[in-house]
Amino acid sequence: MPVHGARRWSSAASAVAASVDLRGWVKNQGGFVWSGLHVVHSGSSHGMGLVATQDLPQGSTIITLPRRIPMPMPDPENAAVLAPSEGVICEIANRVPEELWAMRLGLKLLYERAQKGSYWWPYISMLPHSFTLPIFFSGVDIESIDYAPVTHQVKKRCRFLLQFSSELAKLESLPEEIHPFAGQFVDSGALGWAMAAVSSRAFRIHGVTNKLCSAMMLPLIDMCNHSFQPNAHIEEDLSRDAQDVSFLKVVTKRNLEKGSAITLNYGPLSNDLLLLDYGFVIPDNPHDRIELRYDGSLMENARMIAGLSRTGSPPFSSPASWQVDRLKQLGLADSGESQKVTLGGPEEVDGRLLAALRILHAESQEPLERRELVSLQAWGVESMVSSDNEERVLRTLCGLGAIVFNQFKTTIEEDEAKLSDKSLAETSRIAVQFRLTKKRLVVRVLESLKKRLMDLRAVRAEFQ
Ligand SMILES: C[S@@+](CC[C@H](N)C(=O)[O-])C[C@H]1O[C@@H](n2cnc3c(N)ncnc32)[C@H](O)[C@@H]1O
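Residues numbered from 1 in each chain as written. Predicted model: local features only at pLDDT ≥ 70, side-chain atom pairs only at ≥ 80, totals over all residues. Heavy atoms only, no water.

Draft legend 1. Highlighting the overall build of the chain. Per the secondary structure count, the chain includes 16 helices and 13 strands. Counting every position in the chain, which comprises 464 residues, the buried fraction comes to 53%. For the chain, restricting intrachain contacts to residue pairs at least 6 apart in sequence, the fraction spanning at least 24 positions comes to 70%. Total accessible area computed for the chain in this model is approximately 21,600 Å², and 52% of it derives from carbon and sulfur atoms. For the chain, the distance from the average position of its 51 positive side-chain charges to the average position of its 54 negative side-chain charges is 2 Å. (Helix = DSSP H or I, 4+ residues; strand = E, 2+ residues; numbered from the N terminus. Buried < 20%, exposed > 50% of the residue type's maximum accessible area, 1.4 Å probe, protein only. Contact = heavy atoms within 4.5 Å. Areas by Shrake-Rupley, 256 points an atom, 1.4 Å probe, with all protein chains shown as cover. Lys, Arg positive; Asp, Glu negative; His and termini not counted. Charge placed at Lys NZ, Arg CZ, Asp CG, Glu CD.)

What follows is the structure, encoded as structure tokens:
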């Protein structure tokens, strides 16, 4: 099922000398690269990166790219100026589901990679040959992720790549002049390589002009690694000169010391997205969450695990009609996509899940009658139905956390022991790191819920 690297696929770009001076190329194309900026191998799992070889003050521009350097998806509305083979790219890109946007731009990358004399050769030849994204993991490593929402996505992407490559095999009947990949068969490995190159390196810039909304490959800028506390950011360059050449620039957000790695924030991404699209995870990621499908039976199990007896309320799996009405308002009464709820993230517990449990634990509808749904979805004394109801909600959430935690096949200690094995393959390491971050996240949420419970009990004791 996993796809294999693009080994068999030859590219025109590979004919270029292995070591291309990307900085020199950017400058030759009319861009600016600060003289103290160097491309280095970070010596860690981060791969290549950019470093400052001198101190630099905050607000300094370190890279500017002219408009012609970024590689966007060809615009089908400009069909008149596109080469016929590029028009074919636009056409096949339309068959790619929206959620796999990286594959669309990946087709353009493969197109350029196959063209002799492509403008982007110097850039493409510098791209990594392999990626640590889970579409390239072995079946064992995919299973070892041990987290259904992600393994499901990985398998879906692998299936798509295999199916799409057999669809693209039909392009073989096209005459070579209009064949988008210069007559070559694009296998699932080549497609996976391109999708990975794009998902891990393209940027979606939301600038002030409407031309900046689509994803683009940004040569050199894409050598910057990620940090949630970045020291640089990308800006649209509004001070264009008469030739309208500068387009995007990277500007320092802080004073840089000599030796600092230049980092950008790739966005408020969960570890799921970081793993799927970039092939790495961040321990203690503040944007990470555990995804669950809301289900009355699951809530009922959580209640039982928490040791809570049923008071006057019906089982959570068959709530009273007034409860169903409120759950419907939350979008949690019918099955479907909208039933995704989460634990973790800045709010710790998904507001809809919190509100649903407050509703399910209410013994009658009276205390809820005057309650707005938004209020039920927030933490705080004013959002509680009653302190007794809140205690039950918090305990049920702890039960839910325990269920989630126990679903993992290994313990935190076992994962830590595995990671201490220096001979562990990189992809196996990433899979274990991923599931470990999820478990630690559940532990953090549980600790925080227990603290809320203690605080609530302390307040209750004060008023008794
Ligand atoms: C936009 S590229 C950055 C340049 C890249 N390091 C290279 O070798 O070309 C994004 C990739 O860099 C690596 N990376 C970036 N930030 C990272 C981080 N904070 N931790 C681990 N790997 C990171 C991941 O492999 C990711 O897919």
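Draft legend 2. Focus on the pattern of salt bridges. All chains considered together, the criterion is met by 23 salt bridges. When the shortest N-O distance is used, the salt bridge between Arg-303 and Glu-300 registers 2.5 Å. One end of the pair, Arg-303, and the other, Glu-300, are both in helix α9 (residues 296-305), three residues apart, so they sit about a helical turn from each other. For the pair Arg-303 and Glu-300, one class covers both residues: buried. One salt bridge in this structure joins Arg-452 and Glu-348, with 3.3 Å as the shortest N-O distance. Taken together, the positions of Arg-452 in helix α16 (residues 426-463) and Glu-348 in the loop between β13 (340-344) and α11 (351-361) put the pair 104 residues apart, joining distant regions of the chain. If you follow the salt bridges from partner to partner, you end up with Asp-388, Glu-391, Arg-457 and Arg-460 in one network. (Salt bridge = Lys/Arg side-chain N within 4 Å of Asp/Glu carboxyl O.)

Draft legend 3. The arrangement of the domain arrangement of the chain in detail. Each domain of the chain was delimited in the assignment, giving domain 1 (12-278) and domain 2 (289-463). Inter-centroid distance (C-alpha atoms) of domain 1 to domain 2 is 38 Å. Every contact between the two is made by 13 residues of domain 1 and, on the other side, 17 residues of domain 2. Interface area, domain 1 with domain 2, both sides summed: about 1,300 Å², of which 56% is carbon and sulfur. Inspection of the domain 1/domain 2 interface yields two salt bridges. A salt bridge links Asp-146 to Lys-409, with the nearest nitrogen and oxygen atoms 3.2 Å apart. Applying the counting criterion to the domain 1 and domain 2 interface returns seven residue pairs in polar contact (both at pLDDT 80 or more). Of all the secondary structure elements, the ones that give two or more residues to the side of domain 1 that touches domain 2 are α5 (139-144), α6 (148-168) and α8 (271-278). Among the elements that make up the side of domain 1 that touches domain 2, the one with the highest residue count is α8 (three residues). Each residue belonging to the side of domain 1 that touches domain 2 can be placed in one class, and the counts come to six nonpolar, four polar and three charged. (Domains from an automatic or database assignment. Buried area = accessible area lost by both parts, 1.4 Å probe. Polar contact = N/O pair within 3.5 Å; in protein donor to acceptor, adjacent residues only side chain to side chain. Nonpolar A, V, L, I, M, F, W, Y, C, P; charged D, E, K, R; others polar.)

Draft legend 4. Molecular detail of helix α2 (residues 84-93). With seven of 10 residues buried, α2 is to be regarded as a mostly interior element. Turning to α2, its buried residues number three or more, namely Ser-85, Glu-86, Val-88, Ile-89, Cys-90, Ile-92 and Ala-93. Where α2 is buried, its residues contact α3 (101-114) and α6.

Draft legend 5. Spatial organisation of the packing of helix α14 (residues 387-407) against α16. Where α14 contacts α16, the axes come no closer than 10 Å and their chain directions differ by 160 degrees. Put simply, α14 runs roughly antiparallel to α16. In this structure, α14 meets α16 at a crossing whose hand is left-handed. For the pair formed by α14 and α16, the contact residues are Ser-387, Asp-388, Glu-390, Glu-391, Leu-394, Arg-395, Leu-397, Cys-398, Gly-401, Ala-402, Val-404 and Phe-405 on the first element and Lys-439, Val-442, Val-443, Leu-446, Leu-449, Lys-450, Arg-452, Leu-453, Leu-456, Arg-457 and Arg-460 on the second. (Axes fitted to C-alpha atoms, helices over the stretch in contact; angles between N-to-C directions. Parallel < 35°, antiparallel > 145°, perpendicular 65-115°, else oblique. Left-handed = near helix turned anticlockwise from the far one by under 90°.)

Draft legend 6. View of the site of the ligand. Close to the ligand lie 13 residues; His-46, Met-48, Asn-225, His-226 and Tyr-278 are nearest. Here an oxygen atom of the ligand and a backbone polar atom of Met-48 are 2.7 Å apart. Between the ligand and Tyr-278, the relevant distance is 2.7 Å, taken from an oxygen atom to a main-chain nitrogen or oxygen of the residue. In isolation the ligand exposes 560 Å². Once the protein is present, 89% of that is buried. Mapped by element, the contributors of at least two residues to the shell around the ligand are α7 (188-201) and β8 (225-226). (Near = heavy atom within 4 Å.)

Draft legend 7. Representation of the nonpolar core in the model. Of all hydrophobic cores here, the largest spans 132 residues; its most connected members are Met-103, Leu-107, Phe-181, Leu-353 and Leu-397. Examining the composition of this core, we find that 10 residues originate from one element, α16, more than from any other. Split by domain, this core shows at least three residues from each of two domains, domain 1 (12-278) and domain 2 (289-463). Apart from residues no more than four positions distant in its own chain, Met-103 is found in contact with Val-96, Phe-160, Leu-161, Phe-164, Leu-191, Ala-194 and Met-195. Counting residues in hydrophobic clusters, the runner-up holds five residues, among them Ile-412, Leu-419, Leu-424 and Leu-436. (Core = buried A, V, L, I, M, F, W, Y, C linked by side-chain atoms within 4.5 Å.)

Draft legend 8. Focus on unusual backbone geometry. Although it is not a glycine, Ala-182 adopts a positive phi angle of roughly 50 degrees. On the accessibility criterion, Ala-182 (29% relative accessible area) is partly exposed. A positive phi is found at Glu-348, a non-glycine position, where the angle reads about 70 degrees.

Draft legend 9. Molecular detail of α6. Its 21 residues give α6 an end-to-end C-alpha distance of 30 Å, which sits within 8% of 30 Å, the value for a rise of 1.5 Å per residue. Of all the positions in α6, only Val-150, Thr-151, Gln-153, Val-154, Arg-157, Cys-158, Phe-160, Leu-161, Phe-164, Ser-165 and Leu-168 are classed as buried. Where α6 is buried, its residues touch α2, α3, α5, α7, α8 and α16. (Expected span 1.5 Å × (residues − 1).)

Draft legend 10. Spotlight on the sheet that holds strand β5 (residues 71-72). Taken in spatial order, the three strands of this open sheet run β5-β7-β6, and their pairing is antiparallel. The open sheet has two edge strands with one neighbour each: β5 and β6 (202-204). Pairing between β5 and strand β7 (residues 215-217): two bridges, direction antiparallel. Within β7, the position partnered with Met-71 by the bridge is Met-217. Most of the contacts of α7 go to β6, to which it runs at about 45 degrees, and overall it touches β6 and β7. (Pairing = 2+ DSSP bridges.)

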